[in-house]
Amino acid sequence: MENATIKQVLGQIENQTDYFFMYNGKLVNVDQNVSVDIKNKNIDNVLKEVFKGTDINYEIKDRQILLSISNNTSFISALQQKKITGKVTDSSGAPLPGVTVVIKGTTIGTITDNKGNYSLTDIPSNATLLFSFMGMKTQEIAINGKSTINIAMQEESIGIDEVVAIGYGTMKKGKITSSIASVKKEDFVQGAVYQSPLELLSGKVAGLAISRSGGGDPNSSVEFQLRGVSSVDGDKTPLIIIDGVPGGYLSSISPDDIETIDILRDGSAAAIYGTKATNGVILITTKKGTVGKPQVKYSAYAYTEGWYNKPELLTGDEYRNCKEVFSASDDAFLQKEGRSMMDYKGNTDWLDAISRNALSQVHDLSISGGTETLKYYGSFNYRDQEGLIKETGKKMMGGRLSLTYTSLDKKLMIQMNSNNTFTTSHPYNSNILFQAMTRNPTMPVYNKDTDPSVTPDNPDGEFLEFNGYLCPNPVGLIEQYKRDNKNSAFQGNINIKYELLKGLIIAANGAFMRSNTITGYYEDRDSWNSLFSNANGGSASRSSTQSERRSIEPTITYSNLFNDIHRLEVLGGYSYQEEIYENFSAENHTFISDALTYNSLGSGSAIESGVLANPVSSYKSSNKLISFFGRVNYSLKDRYLLSASLRHEGSSKFGDNNKWGNFSAASVGWVISEENFMKDVYFIDNMKLRLGYGVTGNQGVSSYLSKEKLNKSGVMYYNGEWISGYVPASNPNPDLRWEKKAESNLGIDISMFNNINLSIDLYNRKTTDLLYEYSVPVPPNIYNSTWANVGEMSNKGIEFTISATPLKKSKFSWKLNFNASYNKNKLVSLSDEKYNYNYLMLGELGGYLGMTGEYSYKLEEGEPIGNIFAWEFAGFSDDQKWQVWNADHSEKIHPTEATFKDKKVVGNGLPKTWVGFNNTFTYNNFDLSFGLKGAFFFDILNTYAIGRRNVGYLPNNIEKMVITDPEISKVRDTRNYVTDYHVESGDYLKLDNLTIGYSIPVKFARQLRVYVSGKNLFVLTDYSGDDPEESITGLVPSYDSCWDYPKVKTFTFGFKLNF
Amino acid sequence: MKRLLNKLSFILIVIFILPVFNSCTDLDEDVYSSIVPENFYKTEDELIAAMVPAYSDLCWMIRNRGVPDCEAYTSDIMIIPTRDYGGWYDGGRYQQLFEHTWTSENSCMDNMWSRTFNWVDKANMLIYQFSQVDNMDPDLKTKFTSELSIIRAFAYYNLLNTFGNVPIVDRFDVPEGFTPKNNTDFEAGRKEVFEFIEKDLLDNIPNLTETVDESTSGRFNKYAAMMILVKLYMNAEVWTGIPRWDDAITYADKIINSGNYQLEADYFANFKVENKDSKENIFVLPFNATISSLGWAYTSYLYRMHHHFLSAGIFGVSLGGQNGPAALPSFIHSFDSQDIRLKGWSIGLQLNKSTGDTIFCNKTYSGKPLNYTIDYVDIYDPTDETVYDYKNAPEYAGARFSKYEIAFADGTNMSNDYVVYRYADVLLLKAEALMRKHGGMATEEAVNLVNQIHKRAFEDPSLHLYTTNTFTMEELLAERARELYYEGMRRNDLIRFDKFAQGEWEKEWYDRSSQGDEKNWYPIPQTQMNANISLTQNPGY
């Protein structure tokens, strides 16, 4: 700046930085002219230059810069003329140095000395003093003629000034009137996160249940559910919004690129998102560039996984021994079992044969920085994940770029984000584990190791295979079946904001996403399937799918503060979202060689010979969502808060009679701590009461359900030729509409003792017009089911969160967070005068012979989701057969004598209570954090045990306990039955993650932290299966299936390096 | 520069939004992969394609434990036993069929109901659809409409046979809010259904073709439709209380006298892979192994369900079976050992077709030769005192159904047409009607009719001829079983002979003697009672 006054220069510095100046205008001459270049220099150098050749001294205290005249010994003494003095202390009475004391409305002021004392002169008697200090609440005190004013500063409660995303905007936490949980990157789970970014929140947010039900499968995702099950057959998971864009691809966001995750829990917060918001909304904000020199961060970790709890099956030798003992037994039952067992002379640990010690690695590199006008953030990440089961795995490479342009007058902001990922994955075939657990351990893996007395049914093949019902060699299942999926996903958005007038901003957020997946599948010619199941002689298929989403959301906001007390913010907007899904697939069979796998479909001969009905197929569908929305936030004196929103939204999926709907919400807040009568309650820093009500929708069903259409189907022999036909595809329902959920929420947020934050929320959700596919009579309907809106469901609950920093010393600190939630679910109704279900049976027990048609879950009106319905175990009979109680408990009967009427609700698979307890300790350069997670008041149906913990399961392999357990080993029944004997309490408390880190002081980098971490280290539970963390979404929760990918323990080593 | 940028951004936002506002509130659905009805039913090809579902759904008759299966497994000829390794228990649903203890929850009930009503619905829909098309050839329209009415009558015949009092729906364009209702009085309702079928058949038979050749194979020509009428009249006494023996004989004679049908010299010619040219088969569900949309489920019901897991080698086909249904011991024992028709059952030691090697068990009798026994006993350990019966059958127990030739054309399917109505049945039914009119005593004419069939079953026919003295109603019922086993009518026969409800077969396994007459009809499935609250459940359930 050339020839500017010092005052102008100081103004410029204040505008561009966080520093502000304090000086006595009577003493310091700021009208002198200077010439300086202040660009890209640090503050010290700038100031040196500004004041060079003047008599002005400066002193930097935190963000304040105090100016004084050099011939005075100190700034403070220069102001000592007449008389207001006092002492400033903190809430415990200790003197507080460095507190800024100014006369309100001027820049005249001082700071307290190191004893907390201050002194001001020349003060008008009607003046008001402002006391401010970082981390303390600013206090205003009127002088009223006093000459001594001593005050105790109150620490500002942590968090109320935090900014929280609320959907189409942000808001200070202290002003929020709905139930929103916000987790910043500092509070994320510290260990390895590899299935979904939402694992970062595991056990952190009350009401958000997260379950790794897919165990160690690198291609599974975590399940998450907010405030219980709100829908029967519509979407059950929250809406994901990434950087303001609805429906982003969660799995392609690297956890390292996430800044904060905000969870809109209640209806009043979520209603602004209309028909997609019933299950809550999760807003993910990614990292953006910040002003400053480039910052380079590199983090990498490697982890290894092992069985959480490897089942103990009979070894080959034990199996042989068992055969001998049983065959020689006096017990006819055992004799027969012994007789059925075959000795193939080998010794194979099938679980070892299909698994490995998986080793995976993850790398993230990011660069960020920028100037006031252009900020950038770019990252590159790579992950190579191996699954515990051989061949399963995922490799993913991705990059993210974010640019933010801000015009100099800050009226215009343009932000662009793009995210690309390329993924190759090898999915898990659930039959592998099933077969490994079942297969006779005396069978060798390969034909070459086979004893000459054994005749395999494929003597020329590599793997020992036998014909028979569903018994492929599990290692063959891994090696002879190729499953390769490749996905590339792009998501990008551009967000433009322009301040038209002061407080009036127009903006538009446009997004485009595309995900392409190409899959390849091949079954070898001598695989079990080819030999004994479909006789295809090698089968190959390929498919290519593309899903595309576009959205554009223009908004206009106006915000202003009127008369210092009325704060108003108004938002209006329009949203257009479109989804297109396209698919193409082809298959062929009967190949001459396995060499081509799926790469040359034309080489097969099944298409030519005409045995394939549909060798090629393609499909395309689309749907649209259009809405208009608005919101008003108003606060009076920052004490009485009000927020109201309305979304008018229509979806193409719904019937012509019901395209459009309205979703409204209102919430109020009362900051009680601002009231005068609360001023004396010194330990309360902030206290706010919230009450909200909101209506949201669920449109999670497929397209075209309301429309009449014809599909190709069936053939007929017509005049000596086969011709294909067209048939209506479904029963159209032109009345089809969204599910509607009304939710009220009462909450209170309290901050106290400077470091304790407490939140309690009570909610009541009522979903009506539940979407369900109803059975209808044929005729007059064409199909026996129609999608309709009928039932009603209720969820009520309470959420409790407390976070605190019990210790904060310079060397040692401790932060904790404890949260708990309780939810009560009830399916109120599933019927009306037209559609009628008193109950439905679900959860068919597949996987074992003779179990088809055995349903074990009952969905019933007036009852919660997840009721397990079975006979009650009544002990074993004298001849060691299963017995169950008849309906009125008068008689013990064998299950084959028992009927449906004798079954009862014997448990429920939905956890009612979730608990999370997280702790972080730091000591010098060490840090330690751990998270406990627990789910309580639920039962697991152990279908694994139903089928297998039974001597009668021989000659398949069994668990060792079947012959050692004093009770089970005595059972002499060929089969097992679904009784409450196998319904076990699932309650658990687990050490979800534990991380120990050390920051190594180095010269070449700003930070170098190394850490070791463990995940799923131990579980306290009575459950006799593996890990009780089971599936919690859906209508058959906590069904422990014998096909599931094994649960794992994970150990991680990693480091983070910041330059 | 700054101004320019600001202006530019404003323009950008406008450009961004403009295209959207064009279609601002347009929520019409774009359908890409299906045809919307407005664009269909225009050309003759499309009209024929529209006709397909009416027939293609008929093949569901034998899938999914439908009517023919339940006719057998509830009767004295066959059963799906629960195996000693637990297979085929499946909630006890098959044991219930054997015991006659089924409930409305048994999924077989719904299979029978929904498959059959589906035919009614398709027929109604297409009759309506064709009535709406004005550019259709009038002859084709009449022919199609009458065929569709016959399909509907065939469906209602099956419903009358199984559930009795079912709701009659004879149109597609029902008024808003219409729900099908059955008569609240079972007997009256059953009579209404009977009369509805009779009228539909009599009204439409004149419009059907008399041609019997490849071009009408698998479709209802005049004689196939008359066969429904014969069977309807044969059971008239059971369903309406009024015997109609003369009407049955009249229509049986029309089929016999048409000269289009004759008995094949070889009983098994009707069931071989190439059974399209059988002169004996009147109505078949055509199959072709290379049309795989027909295939697997069909193969499964004629072969794979019945045979052992390791049976692929026995027949030289690529796939093994699932070890399900088997014959009841007493039924196999009822055959004369010389009866050729006994060869339709696999009994005894099973060998590999090409190598002659023994096939072995692989479940509870792993390593033991697979030897299908007629009785359910432990043949490998005579000292075993375990009770083997329908709840606990050794993996090898029971004769297996092999009447249809088992050979896979190409890949995994069979091409045999499934026989619904056959000339032999016409002869047996006529003989029965004659005897019924004669006070249940044999007549010369009746014995001659039956002997045509009976002598075919023996190498030396002269030794095995019935006379008016040896031929009784009892013998007729038994002969029907031996001739027509697993052809989807055994339960119906037993009910007509009043031998079903308290059926006495395999009494030592399960005693049905104290059961009521309601066993002569099935309960309306619970799923349907749920789907339609206007239905009245059948008496006794």
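Relevant structure appears above.
Calculation notes
Residues numbered from 1 in each chain as written. Chains lettered and ligands numbered in written order. Predicted model: local features only at pLDDT ≥ 70, side-chain atom pairs only at ≥ 80, totals over all residues. Heavy atoms only, no water. Helix = DSSP H or I, 4+ residues; strand = E, 2+ residues; numbered from the N terminus. Buried < 20%, exposed > 50% of the residue type's maximum accessible area, 1.4 Å probe, protein only. Contact = heavy atoms within 4.5 Å. Areas by Shrake-Rupley, 256 points an atom, 1.4 Å probe, with all protein chains shown as cover. Lys, Arg positive; Asp, Glu negative; His and termini not counted. Charge placed at Lys NZ, Arg CZ, Asp CG, Glu CD. Rg over C-alpha atoms; globule rule 2.2 N^0.38 Å. Expected span 1.5 Å × (residues − 1). Arc of directions from axis to C-beta. Pairing = 2+ DSSP bridges. Phe/Tyr/Trp six-rings, centres within 6.5 Å; stacked < 30°, edge-to-face > 60°. Lys NZ or Arg CZ within 6 Å of the ring centre and 35° of its normal. Polar contact = N/O pair within 3.5 Å; in protein donor to acceptor, adjacent residues only side chain to side chain. Core = buried A, V, L, I, M, F, W, Y, C linked by side-chain atoms within 4.5 Å. Patch = residues over 30% accessible without salt bridge, like charges linked within 9 Å, V, L, I, M, F, W, Y side chains within 5 Å. Salt bridge = Lys/Arg side-chain N within 4 Å of Asp/Glu carboxyl O. Buried area = accessible area lost by both parts, 1.4 Å probe. Nonpolar A, V, L, I, M, F, W, Y, C, P; charged D, E, K, R; others polar.

Participant: Can you break down the overall build of chain B residue by residue, with the values?
Facilitator: Along chain B, the regular secondary structure elements total 18 helices and eight strands. Its C-alpha atoms give chain B principal-axis dimensions of about 110 × 60 × 45 Å. A buried classification covers 63% of the 541 residues belonging to chain B. Considering only residue pairs separated by 6 or more positions, chain B has 69% of its internal contacts joining residues 24 or more positions apart. Surface summary for chain B: the accessible area is close to 19600 Å², and the carbon and sulfur share equals 50%. Once the 50 positive and 76 negative side-chain charges of chain B are each reduced to a mean point, those two points are 3 Å apart.

Participant: Now, about the overall build of chain A: what can you tell me, with residues and values included?
Facilitator: Along its length, chain A carries 13 helices and 55 strands. Taking 2.2 N^0.38 as the reference for a compact globule, 1059 residues should give roughly 31 Å; the C-alpha atoms of chain A span a radius of gyration of 34 Å, in line with that estimate. In terms of overall dimensions, chain A has a C-alpha envelope of 110 × 65 × 65 Å along the principal axes. When the 1059 residues of chain A are sorted by exposure, 57% land in the buried category. Entry remark: accessible area of chain A is about 42600 Å², with carbon and sulfur atoms responsible for 53%. Counting 107 positive and 119 negative side-chain charges, chain A places the centres of these two groups 8 Å from one another.

Participant: Can you break down helix α5 (residues 316-327) of chain A residue by residue, with the values?
Facilitator: All names here are of chain A. Its 12 residues place the ends of α5 16 Å apart at the C-alpha level, agreeing with the 16 Å of an ideal helix rising 1.5 Å per residue. Restricting attention to buried positions, one finds in α5 the residues G316, Y319, R320, C322 and F326. Along the axis of α5, the buried residues cluster in a sector spanning 160 degrees; they form a single face. Contact partners of the buried residues in α5: α6 (332-340) and α13 (961-964).

Participant: Go over the environment of V445 of chain A with me, naming the residues and quoting the values.
Facilitator: By the secondary structure assignment, V445 of chain A is in the loop between α8 (431-438) and α9 (474-479). Apart from residues lying up to four places away in sequence, V445 of chain A is in contact with T348, W350, F463, L464, N473 and V475 of chain A.

Participant: Kindly report on the sheet that holds strand β9 (residues 117-120) of chain A, identifying the contributing residues and their values.
Facilitator: All names here are of chain A. Reading across the sheet, the three strands line up as β9-β6-β12 and stay open at both edges, with mixed pairing between neighbours. The open sheet has two edge strands with one neighbour each: β9 and β12 (151-152). With four bridges connecting them, strand β6 (residues 84-89) and β9 associate as antiparallel partners. Within the sheet, the bridge partner assigned to G86 lies in β9 and is Y118.

Participant: Could you give an account of the packing of aromatic side chains, naming the residues involved and the relevant values?
Facilitator: Applying the stated criterion across every chain, the model contains 89 aromatic pairs over all chains. Measuring from centroid to centroid gives 5.0 Å for Y574 of chain A and F628 of chain A, while their planes differ by 55 degrees, and the two rings are tilted. On the criterion of sequence distance, the pair formed by Y574 of chain A in strand β30 (residues 566-589) and F628 of chain A in strand β31 (residues 616-636) is long-range, its members being 54 residues apart. Within the aromatic cluster, the residues linked to one another by ring pairs are Y73, Y267, F268, F271, F331, F335, W345, F401, Y404, Y418, Y485 and Y486 of chain B. The side chain of K990 of chain A reaches across the aromatic face of Y988 of chain A, ending 5.5 Å from its centre.

Participant: Please give an account of the side chain of N509 of chain A that cites residues and values.
Facilitator: Residue and element names in this part refer to chain A. Summarising the element assignment, N509 is placed in strand β28 (residues 504-523). Assessed through its relative accessible area of 10%, N509 is described here as buried. In this structure the side chain of N509 is engaged in a polar contact, spanning 3.0 Å, whose partner is the side chain of N493.

Participant: Requested: an account of the side chain of E872 of chain A, with residues and values cited.
Facilitator: Residue and element names in this part refer to chain A. Topologically, E872 is positioned in the loop between β43 (867-870) and β44 (873-876). With relative accessibility at 18%, the residue E872 sits in the buried group. Within the structure, the side chain of E872 is placed 3.5 Å from the side chain of K904, a separation counted as a polar contact.

Participant: Lay out the nonpolar core in plain terms, naming residues and giving numbers.
Facilitator: By size, the foremost hydrophobic cluster in this structure holds 176 residues, and its most contacted members are Y156, F220 and W345 of chain B. Core analysis: the next-biggest nonpolar cluster, separate from the first, contains 50 residues, I389, L433, Y481 and V951 of chain A among them.

Participant: Can you break down the sheet that holds strand β45 (residues 882-885) of chain A residue by residue, with the values?
Facilitator: Residues and elements named next belong to chain A. The three strands lie next to each other as β44-β45-β46, forming an open sheet whose pairing is antiparallel. Unpaired on one side and paired on the other, β44 and β46 (892-893) mark the two borders of the sheet. In the sheet, β45 pairs with β46 via two bridges, with the strands oriented antiparallel. Bridge pairing in β46 links W885 to K892.

Participant: How would you sum up a nonpolar patch on the surface? Please name residues and give values.
Facilitator: All names here are of chain A. A grouping of Y640, L642, V668, W670, F677, L689, L691, L746, L762, I798 and Y822 is seen on the molecular surface, where their side chains present a nonpolar patch of about 930 Å² in accessible area. Broken down by secondary-structure element, the contributors of at least two residues to the nonpolar patch are β32 (640-651), β33 (660-671) and β34 (684-698). If you trace the backbone, L762 turns up in strand β38 (residues 756-775). You can call L762 partly exposed: its relative accessible area is 42%.

Participant: Tell me about unusual backbone geometry, residues and numbers included.
Facilitator: In most cases, non-glycine residues show a negative phi, while peptide bonds are predominantly trans. All names here are of chain A. Cis geometry is adopted by the peptide bond preceding P780, which originates at P779 and carries an omega value of 5 degrees. Of note, P780 is situated in the loop between β38 and β39 (785-808). For the bond running from L954 to P955, omega is 10 degrees, close enough to zero to count as cis. Of note, P955 is situated in the loop between α12 (943-948) and α13. Phi at D243 is positive, roughly 50 degrees, even though this residue is not glycine. Structurally, D243 is set in the loop between β18 (239-242) and β19 (245-246). Take D243: its relative accessible area is 12%, and that puts it in the buried class. Look at T597: it is not a glycine, yet its phi comes out positive at around 40 degrees. Within the secondary structure, T597 sits in the loop between β30 and α11 (606-609).

Participant: Residues and numbers for the pairing of strand β23 (residues 358-370) of chain A, please.
Facilitator: Residue and element names in this part refer to chain A. When strand β22 (residues 292-307) meets β23, the two strands line up antiparallel, connected through 12 bridges. For T304, the partnering residue across the bridge sits in β23 and is L359. Judged from the 10 bridges that link them, β23 and strand β24 (residues 374-386) form a sheet pairing that is antiparallel. Looking across to β24, one finds that G370 is bridged to K375.

Participant: Mind laying out the interface of chain A and chain B, listing which residues take part and the relevant values?
Facilitator: The interface is formed by 99 residues belonging to chain A together with 98 residues belonging to chain B. Carbon and sulfur atoms supply 62% of the area buried between chain A and chain B, which totals about 8400 Å² over both sides. When the area that chain A buries against chain B is broken down by residue, the three leading residues are R339, Y717 and W722 of chain A, summing to 8%. At the boundary of chain A and chain B, one finds four salt bridges. Split into classes, the residues belonging to the side of chain A that touches chain B amount to 50 nonpolar, 34 polar and 15 charged.

Limitation: the analysis is restricted to geometry and does not speak to function.
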